[in-house]
Amino acid sequence: NRTTAADTWQTIYRSIFLFDTSSLPDTDSISLATLSFYATAKAENAMTGTTVSIVKAVPASNVALVASDYNIANWTMTQHNNSDIAIAYITLSAYNDFALNATGLSNISKTGITKFGGVSGFDRTNTAPTWSSSSQYAYVQVDFADQTGTTTDPKLVVVHSAVVAFTPQIIII
């Protein structure tokens, strides 16, 4: 969101997604994971090309967010998804899926809470959008776990399997 002064911006939107993944067996290998959020609204005005990216957020608490949790010092802006989704391609009233890359997979905790953040591609790369004299903004509104019911909660689907120990055998004929 921009201000009226040239090349100045006033708002950056960020989302925090926490998942209790402590039930994953410590010894299992994680091969794939997909983070999905249910989009309810979106807008992109004079900021075409804005994308959504998944990164690592590190809030101070697992049960309550505070303003300082949105400070850039509490975020790792390394991309955790295979590819960003342009806001123009975000589907409303539906889940939007982000396949996690190796960095995202390594962020999944098998002993506690897994923490991800949703940011714009501009925010992740620390690149300012091209400023224009018209009103500029871009956002995606999503449902969170505190919405009534659970049918539109964010979700993390993790594919994992037990690591198979290979015991070499010597056969003498």
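Above: the structure in question.
Predicted model, so just to flag it, every value in this text is computed and none were measured. (Residues numbered from 1 in each chain as written. Predicted model: local features only at pLDDT ≥ 70, side-chain atom pairs only at ≥ 80, totals over all residues. Heavy atoms only, no water.)

Participant: Describe the pairing of strand E7 (residues 113-120), and please don't skip the residues or the numbers.
Facilitator: Consecutive side chains of a regular strand alternate in pointing toward one face of the sheet and then the other. Burial runs high along E7: six of the eight residues are buried. Here strand E1 (residues 15-20) runs beside E7; their pairing, made up of six bridges, is antiparallel. Following the sheet pairing, Phe-17 is matched in E7 by Phe-116. Sheet topology note: the strand E3 (residues 51-57)/E7 ladder contains four bridges and is antiparallel. Considered in E7, the bridge of Val-55 is made with Gly-117. (Buried < 20%, exposed > 50% of the residue type's maximum accessible area, 1.4 Å probe, protein only. Helix = DSSP H or I, 4+ residues; strand = E, 2+ residues; numbered from the N terminus. Pairing = 2+ DSSP bridges.)

Participant: Residue-level account of the packing of aromatic side chains, with values.
Facilitator: A complete count under the given rule lists six aromatic pairs for this structure. Seen from their ring centres, Phe-17 and Phe-37 are 6.3 Å apart, and the 5° between their planes marks the pair as stacked. In this pair, Phe-17 sits in strand E1 while Phe-37 sits in strand E2 (residues 28-45), placing the two residues 20 residues apart along the sequence. The same class applies to Phe-17 and to Phe-37, which are both buried. (Phe/Tyr/Trp six-rings, centres within 6.5 Å; stacked < 30°, edge-to-face > 60°.)

Participant: Outline the nonpolar core, supporting the account with residue identities and numerical values.
Facilitator: Within the largest apolar cluster, 23 residues are counted, with the highest numbers of intra-cluster contacts made by Phe-37, Leu-100, Ile-108, Phe-116 and Leu-156. For this core, the secondary-structure elements that each account for two or more residues are E1, E2, E3, strand E8 (137-142) and strand E9 (155-162). The biggest single contributor to this core is E2, with five residues. Aside from chain neighbours lying at most four places away, what touches Leu-156 is Phe-19, Thr-21, Ala-33, Thr-34, Leu-35, Leu-100, Thr-114 and Phe-116. One finds Ile-16, Trp-75, Met-77 and Val-119 within the second-largest nonpolar core, a separate group that totals six residues. (Core = buried A, V, L, I, M, F, W, Y, C linked by side-chain atoms within 4.5 Å. Contact = heavy atoms within 4.5 Å.)

Participant: Describe the layout of surface pockets, naming the residues involved and giving the relevant values.
Facilitator: Roughly 680 Å³ of volume is contained in the largest pocket. Along its surface, the largest pocket is lined by 30 residues, and Ile-12, Tyr-13, Arg-14, Ser-120 and Ala-138 are the ones closest to its centre. For the lining of the largest pocket, the secondary structure elements donating two or more residues are E1, E3, E7, helix H2 (121-125) and E8. Of the residues forming the lining of the largest pocket, the biggest block, five residues, is contributed by E8. Residues belonging to the lining of the largest pocket are distributed by class as follows: 18 nonpolar, 10 polar and two charged. (1 Å grid on protein atoms, 1.4 Å probe; cavity = no way out; pocket = protein on both sides within 12 Å on 5 of 7 lines; lining within 4 Å. Points joined across faces, edges and corners; volume = space filled by probe spheres on them. Nonpolar A, V, L, I, M, F, W, Y, C, P; charged D, E, K, R; others polar.)

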